[in-house]
Amino acid sequence: MVKTRESQDVDPFTAMESLRTALDQVGIVLPSLAVDAGSPALGLVELGRVRAEVALRLAHTLQRGAPAA
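Residues numbered from 1 in each chain as written. Predicted model: local features only at pLDDT ≥ 70, side-chain atom pairs only at ≥ 80, totals over all residues. Heavy atoms only, no water.

Colleague: Pulling in residues and values, what's your account of the environment of Leu47?
Modeller: As for its position among the elements, Leu47 is in the loop between strand S2 (45-46) and helix H3 (52-64). Owing to a relative accessible area of 43%, Leu47 belongs among the partly exposed residues under this scheme. In the structure, Leu47 is positioned 11 residues away from Asp36 in sequence and 9.2 Å away in space, judged by C-alpha atoms. Apart from residues no more than four positions distant in its own chain, Leu47 is found in contact with Leu19, Leu30, Ser32 and Leu33. (Helix = DSSP H or I, 4+ residues; strand = E, 2+ residues; numbered from the N terminus. Buried < 20%, exposed > 50% of the residue type's maximum accessible area, 1.4 Å probe, protein only. Contact = heavy atoms within 4.5 Å.)

What follows is the structure, given as structure tokens:
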């Protein structure tokens, strides 16, 4: 993935909270969802580990959803 100017301007805390809210709306919780404090310059969001059942529910939800903007 090429890092564009647009992607550099995304606040990882805002991205994390947006993802948490969207997942909550479909009943999915990623317990380890957090901003990666070890790489602040990269703006990474840590999705963490989840049970296989949660990963499957997430996959099915994404498959039913609209394409990303």
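There's plenty left to go through after this.
Colleague: Tell me about the nonpolar core, residues and numbers included.
Modeller: One finds Met16, Leu23, Ile28, Leu30, Leu33 and Val54 forming the largest nonpolar core, which totals six residues. Aside from chain neighbours lying at most four places away, what touches Val54 is Ile28, Val29 and Leu30. (Core = buried A, V, L, I, M, F, W, Y, C linked by side-chain atoms within 4.5 Å.)

Colleague: Give me the lowdown on the pattern of salt bridges, citing residues and values where you can.
Modeller: In the structure shown here, the tally under the stated rule is three salt bridges. We note a salt bridge from Arg20 to Glu17, for which the minimum N-O separation is 3.7 Å. Of this pair, Arg20 and Glu17 both sit in helix H2 (residues 12-25), three residues apart, which is roughly one turn of the helix. According to the relative accessible area criterion, Arg20 is partly exposed, its value standing at 34%. Judged by its relative accessible area of 38%, Glu17 is partly exposed. Here Arg51 and Glu53 are joined by a salt bridge, their closest N and O atoms 2.8 Å apart. Its relative accessible area of 58% is what places Arg51 among the exposed residues. What emerges from the salt-bridge pattern is a single network uniting Arg51, Glu53 and Arg57. (Salt bridge = Lys/Arg side-chain N within 4 Å of Asp/Glu carboxyl O.)

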